[in-house]
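Architecture at a glance
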Amino acid sequence: MAKYLGLGTGACTTAKFTTARTALGTYKLAGQVLELTEARLLLHDMASHGKLKLHLDLEDQWAVKAFTLPGTEDKHLQQNSGDFVTEDGFMEGEILSVTQSPLNELYNQFDLLYDWNAATGSFDGRLAVDETTTGSIGAWLTESQSRYGLTRKLVYEARWINEENTARSFVNYLIYQYADRKRIAQFQTAFNTVDLELGDTV
């Protein structure tokens, strides 16, 4: 990667890339670059299709973090900021605010276009998921529409995904990211948190 970014060999944290690759399991990305493209933009674009975030770490080296789905998740949002407790056991008050992500970032229908065909200039694969989908996914999307009183579709063009299993894995990731409003916690910290990096669990 350092080669493609035009950087020295010590400019990337290879261990973090290896960890991310392991976390993604059988997830696959592939594609073609047919025109001159800035390397950083290209890599950010590929990462966005791979459930990855490319970033500079504390040592100013390029690193990547894989955002995989948790085993279980609380889909019912808690309204009370008192649910947050410090390590000392004291409730946070004035220094903690908890809000929700805005409704315009919520989607509960998904249309994933994948398997880009450079010859035809179109996608050969399409995966549509909505409230009519059987199983827990359809139930979750139905719940989302009922709870928030709106139905919004996200059409996503995934040029770096070209096989169905990866497409299904990615659409599940999109559902987890967008079908429910997220908690946004803002709080003060001391210098003992200066080593936190993107994706660290707080």
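Residues numbered from 1 in each chain as written. Predicted model: local features only at pLDDT ≥ 70, side-chain atom pairs only at ≥ 80, totals over all residues. Heavy atoms only, no water.

1. Things to note about the pairing of strand β6 (residues 153-158)
Stated formally: With a 1.4 Å probe rolled over the protein chains alone, any residue whose accessible area is under 20% of its type maximum counts as buried; one over 50% counts as exposed, and the rest are partly exposed. By the criteria applied, helices consist of DSSP H or I runs no shorter than four residues and strands consist of E runs no shorter than two, each listed in order from the N terminus. Two strands form a pair only when DSSP identifies at least two bridges running between them.
Along β6, the buried face is formed by Leu154, Tyr156 and Ala158; none of Lys153, Val155 and Glu157, which line the opposite face, is buried. Note: strand β4 (residues 109-117) against β6, six bridges, orientation parallel. When the sheet's bridge partners are listed, Tyr114 is paired in β6 with Ala158.

2. Regarding the packing of helix α4 (residues 136-148) against helix α5 (residues 164-178)
Just so we agree on the cut-off: Axes here mean lines fitted to C-alpha atoms, for a helix over just the part in contact, with angles spanning 0 to 180 degrees between N-to-C directions. Roughly parallel covers angles under 35 degrees, roughly antiparallel covers those over 145, roughly perpendicular covers 65 to 115, and oblique covers all other angles. Each crossing gets its hand from how the near helix is turned against the far one by less than a right angle, where anticlockwise is left-handed and clockwise is right-handed. Contacts are assigned to residue pairs with any non-hydrogen atoms lying within 4.5 Å of each other. Asp, Glu, Lys and Arg are counted as charged, while Ala, Val, Leu, Ile, Met, Phe, Trp, Tyr, Cys and Pro are counted as nonpolar; the rest, among them Gly, fall into the polar class.
Interaxial distance between α4 and α5 falls to 11 Å at its minimum, and their mutual angle equals 25 degrees. By the angle between their directions, the pair α4 and α5 is classed as roughly parallel. For the crossing formed where α4 meets α5, the hand is left-handed. Contacts between α4 and α5 pair Ile137, Trp140 and Leu141 from the former with Asn172, Ile175 and Tyr176 from the latter. Across the contact of α4 with α5, the residue classes tally to five nonpolar, one polar and no charged.

3. Focus: the pairing of strand β5 (residues 122-129)
Both β4 and β5 contribute to a ladder of seven bridges, which runs antiparallel. By the bridge assignment, Leu113 is partnered in β5 with Arg126. Counting the residues that bridge the hairpin from β4 to β5 gives four residues, and of these Gly121 lies at a positive phi of roughly 70 degrees.

4. Re the confidence of the model for the chain
Quick note on the threshold: Confidence of the predictor at the level of single residues is captured by pLDDT, which takes values from 0 to 100.
For the chain, mean pLDDT is 78; residues scoring 70 or higher make up 80% of the total. Confidence, expressed as mean pLDDT per element, reaches its minimum in the chain at helix α1 (residues 2-5) with 57 and its maximum at β6 with 96. In this model residues 71-94 is a low-confidence stretch, pLDDT under 50, and it forms 30 contacts with partners more than four residues away in sequence or in other chains.

5. Some thoughts on the environment of Lys53
Secondary-structure assignment places Lys53 in strand β1 (residues 52-56). A residue is classified by how much of its surface remains accessible, and Lys53, at 44% relative accessible area, is partly exposed. It is 9.9 Å that separates the C-alpha atoms of Lys53 and Leu43, two residues lying ten residues apart in sequence. Residue contacts for Lys53: discarding those within four places in its chain leaves Ala63, Val64, Lys65, Phe67 and Leu198.

6. A look at the sheet that holds β5
Pairing between sheet strands relies on hydrogen bonds along the backbone, with the strands arranged either parallel or antiparallel. Across the sheet, three strands lie side by side as β5-β4-β6; this open sheet has mixed pairing. Two strands bound the open sheet, and with one partner strand each, they are β5 and β6. For this sheet, the mean inter-axis angle between neighbouring strands, taken without regard to orientation, is 20 degrees. The strands touched by α5 within the sheet are β4, β5 and β6, with β4 carrying the most contacts at an inclination of about 145 degrees.

7. A short note on the pattern of salt bridges
Heads up, the rule is: A side-chain nitrogen of Lys or Arg and a carboxyl oxygen of Asp or Glu constitute a salt bridge if their distance falls within 4 Å.
Counting across every chain of the model gives four salt bridges. In this structure, Asp111 and Arg126 form a salt bridge, with 2.9 Å as the shortest nitrogen-oxygen distance. Here Arg126 lies in strand β5 and Asp111 lies in strand β4, a separation of 15 residues in the sequence. Its salt-bridge partner being Glu143, residue Arg147 comes within 2.5 Å of it at the nearest N-O pair. With Arg147 and Glu143 both in helix α4 and four residues apart, the pair spans about one turn of that helix.

8. Quick look at unusual backbone geometry
Where the residue is not glycine, phi is negative for most of them; where a peptide bond is considered, it is trans in most cases. For Lys51, which is not glycine, the phi dihedral falls at a positive 60 degrees. Tracing the chain through its elements places Lys51 in the loop between α3 (39-48) and β1. The residue Asp115 is not glycine, and still its phi comes out positive at about 60 degrees. Its place among the elements puts Asp115 in strand β4. Residue class for Asp115 comes out partly exposed when judged on its relative accessible area of 25%.

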